[in-house]
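Chain by chain, the residues:
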Amino acid sequence: RDMETALDCFTDDATYQTEDPVFVDTFRGKDSLKEHLLKNAATLPSSCQIILDDLAIDESNGTFGVRWHLEVDGVGIPNLKGCSMYTKDKSSGLLKSGYDVTESP
């Protein structure tokens, strides 16, 4: 839950879009993204972890996709699985956009 370290992975003008049952929105810039991450983290137990199930990388285009699920104390949380797509800024190597889709209950 080190949000500052997570935010250090994004460009200052990054765009992050979420489409899930709770947080449907587009966040522009690190301040907006930080607010979203903190609000999201506040809804989950402190022992909650994001587990990466699959990772697909296209280095030539600077894109990658992740299939993930959430666990609390090693147990998967029902209806909290999803996929995310990211693009990175080729000059800095930082993330410039993200898009999350979470399964519906």
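If you're wondering where the values come from, they're calculated on a predicted model, not measured in any experiment.

Section: the environment of Pro78
Its place among the elements puts Pro78 in strand β5 (residues 75-88). Considered as a pair, Pro78 and Phe23 are 55 residues apart in the sequence and their alpha carbons are 17 Å apart.

Describing the environment of Leu37
Mapped onto the elements of the fold, Leu37 is located in helix α2 (residues 30-42). Relative accessible area serves as the criterion here: at 22%, Leu37 is assigned to the partly exposed category. Each C-alpha atom of the pair Leu37 and Arg1 lies 9.2 Å from the other, and the pair is 36 residues apart in sequence. With near-sequence residues (within four places) excluded, Leu37 lies in contact with Met3 and Leu7.

Quick notes on the sheet that holds strand β6 (residues 95-102)
Spatially, six strands are ordered β2-β1-β6-β5-β4-β3 in an open sheet, and the strand pairing comes out mixed. The two strands at the open ends of the sheet, each matched to only one other strand, are β2 (25-28) and β3 (48-58). In this sheet, neighbouring strand axes are inclined to one another by 15 degrees on average, regardless of whether the strands run parallel or antiparallel. One ladder, built from four bridges, connects strand β1 (residues 10-19) with β2; its direction is antiparallel. By the bridge assignment, Gln17 is partnered in β2 with Thr26. Sitting on the sheet, α2 touches β1 and β2, and the angle it makes with β1 is about 45 degrees.

Considering unusual backbone geometry
The backbone of Asp73 shows a phi angle near 55 degrees, a positive value even though the residue is not glycine. A relative accessible area of 64% places Asp73 in the exposed class. Within the chain, Asn79 stands out as a residue other than glycine whose phi angle is a positive 65 degrees. Here Asn79 shows up in strand β5.

Describing the confidence of the model for the chain
With 99% of its residues at a pLDDT of 70 or more, the chain has an overall mean of 92. Least confident of the elements in the chain is α2, whose mean pLDDT is 91; most confident is strand β4 (residues 63-72), at 96.

Cut-offs and rules
- Residues numbered from 1 in each chain as written.
- Predicted model: local features only at pLDDT ≥ 70, side-chain atom pairs only at ≥ 80, totals over all residues.
- Heavy atoms only, no water.
- Helix = DSSP H or I, 4+ residues; strand = E, 2+ residues; numbered from the N terminus.
- Buried < 20%, exposed > 50% of the residue type's maximum accessible area, 1.4 Å probe, protein only.
- Contact = heavy atoms within 4.5 Å.
- Pairing = 2+ DSSP bridges.
- Axes fitted to C-alpha atoms, helices over the stretch in contact; angles between N-to-C directions.
- pLDDT = per-residue confidence, 0-100.

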